[in-house]
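Here are the chains, one letter per residue:
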Amino acid sequence: MNDQDFTTRITVRGYETDSQGHLNQAVYLQYAEHARWEYLQAAGIRQADLVAKGVGPVVLETTIKYLRELRAGDSVDVSCSFTWRDGKTFQVVQRLVRADGVLAAEITGVGGILDLAERRLVADPREPLRALASDPALLGL
């Protein structure tokens, strides 16, 4: 982990599993989304703040590597790390690690910040987040 990783714990609920008793593949994306919002909130950014500023985060690309099973009752730590780069996008890396330390999945993606009026990505996604965050250093800003 680097100095800007954020982690939140989630317990797999029975209704989130498929007929084989594994966490349903779509729920991995929900867990990742939850962790990203928790990360932003920990830095002091609420969803309402983004909307009031006229911007919102968007996911442009996602890849999931399923490595080990997650089953009902498992506790899983979902991490989130943003890698800022030049341009309109940033990389997001998220790992789902079971309480026993086993890496269950890795999710990587590309995101951006959408100007809600223009319906285009903002030139620098760091700017609106830095402006709204009470703790921008938590996000690596």
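So, how was this worked out
Residues numbered from 1 in each chain as written. Predicted model: local features only at pLDDT ≥ 70, side-chain atom pairs only at ≥ 80, totals over all residues. Heavy atoms only, no water. Helix = DSSP H or I, 4+ residues; strand = E, 2+ residues; numbered from the N terminus. Buried < 20%, exposed > 50% of the residue type's maximum accessible area, 1.4 Å probe, protein only. Contact = heavy atoms within 4.5 Å. Areas by Shrake-Rupley, 256 points an atom, 1.4 Å probe, with all protein chains shown as cover. Lys, Arg positive; Asp, Glu negative; His and termini not counted. Charge placed at Lys NZ, Arg CZ, Asp CG, Glu CD. Core = buried A, V, L, I, M, F, W, Y, C linked by side-chain atoms within 4.5 Å. Pairing = 2+ DSSP bridges. Phe/Tyr/Trp six-rings, centres within 6.5 Å; stacked < 30°, edge-to-face > 60°. Salt bridge = Lys/Arg side-chain N within 4 Å of Asp/Glu carboxyl O.

(A) Representation of the overall build of the protein chain. Broken down by element type, the protein chain carries 3 helices and 6 strands. Taking all 141 residues of the protein chain together, the buried fraction comes to 38%. Sequence separation of at least 24 residues holds for 67% of the intrachain contacts in the protein chain that already meet a minimum separation of 6. Total accessible area computed for the protein chain in this model is approximately 7,500 Å², and 47% of it derives from carbon and sulfur atoms. The average position of the 16 basic charges and that of the 19 acidic charges among the side chains of the protein chain differ by 3 Å.

(B) Spotlight on the nonpolar core. Counting residues in hydrophobic clusters, the biggest one holds 18 residues, and the most contacted among them are Leu40, Ile45, Phe82, Leu129 and Leu139. Those elements that provide at least two residues to this core are helix H1 (25-42), strand S3 (75-84) and strand S4 (89-98). When near neighbours in sequence (up to four residues on either side) are disregarded, Leu40 contacts Ile45, Phe82, Leu129 and Leu139. Counting residues in hydrophobic clusters, the runner-up holds 15 residues, among them Ile10, Ala35, Ala104 and Ile107.

(C) The pairing of S3, seen in detail. Taken across its 10 residues, S3 has 7 buried, putting it largely inside the fold. Where strand S1 (residues 6-11) lies against S3, 6 bridges are found, and the strand directions are antiparallel. Along S3, the bridge assignment pairs Thr11 with Ser75. Pairing geometry for S3 and S4, over 7 bridges, is antiparallel. Considered in S4, the bridge of Ser81 is made with Val93. With antiparallel pairing between neighbouring strands as the criterion, S3 and S4 make up a hairpin whose turn holds 4 residues, including Gly87 at a positive phi of roughly 105°.

(D) The environment of His34, seen in detail. Relative to the helices and strands, His34 is located in helix H1. Sequence separation between His34 and Thr8 is 26 residues, and the spatial gap between their C-alpha atoms is 8.7 Å. Those residues within four positions of His34 in sequence are excluded, and the remaining contacts are Thr8 and Ile10.

(E) Local environment of the packing of aromatic side chains. The full count for this structure, using the stated rule, is 6 aromatic pairs. Centre to centre, the rings of Phe82 and Phe90 are 5.3 Å apart; their planes meet at 50°, and the pair counts as tilted. There is no split in this pair, since Phe82 and Phe90 are both buried. One aromatic cluster is present, formed by Phe6, Tyr39, Phe82, Trp84 and Phe90 through successive ring pairs.

(F) Representation of the pattern of salt bridges. Per the counting criterion, the structure on display carries 8 salt bridges. Across the pair Asp49 and Arg46 runs a salt bridge whose closest N-O atoms are separated by 2.8 Å. One salt bridge connects Glu106 with Arg95, and the closest N-O pair in it is separated by 3.1 Å. Of the two residues, Glu106 is situated in strand S5 (residues 103-115) and Arg95 in strand S4; the sequence distance between them amounts to 11 residues. Looking at Glu106, the relative accessible area reads 19%, which means it is buried. Classification of Arg95 as partly exposed rests on a relative accessible area of 34%.

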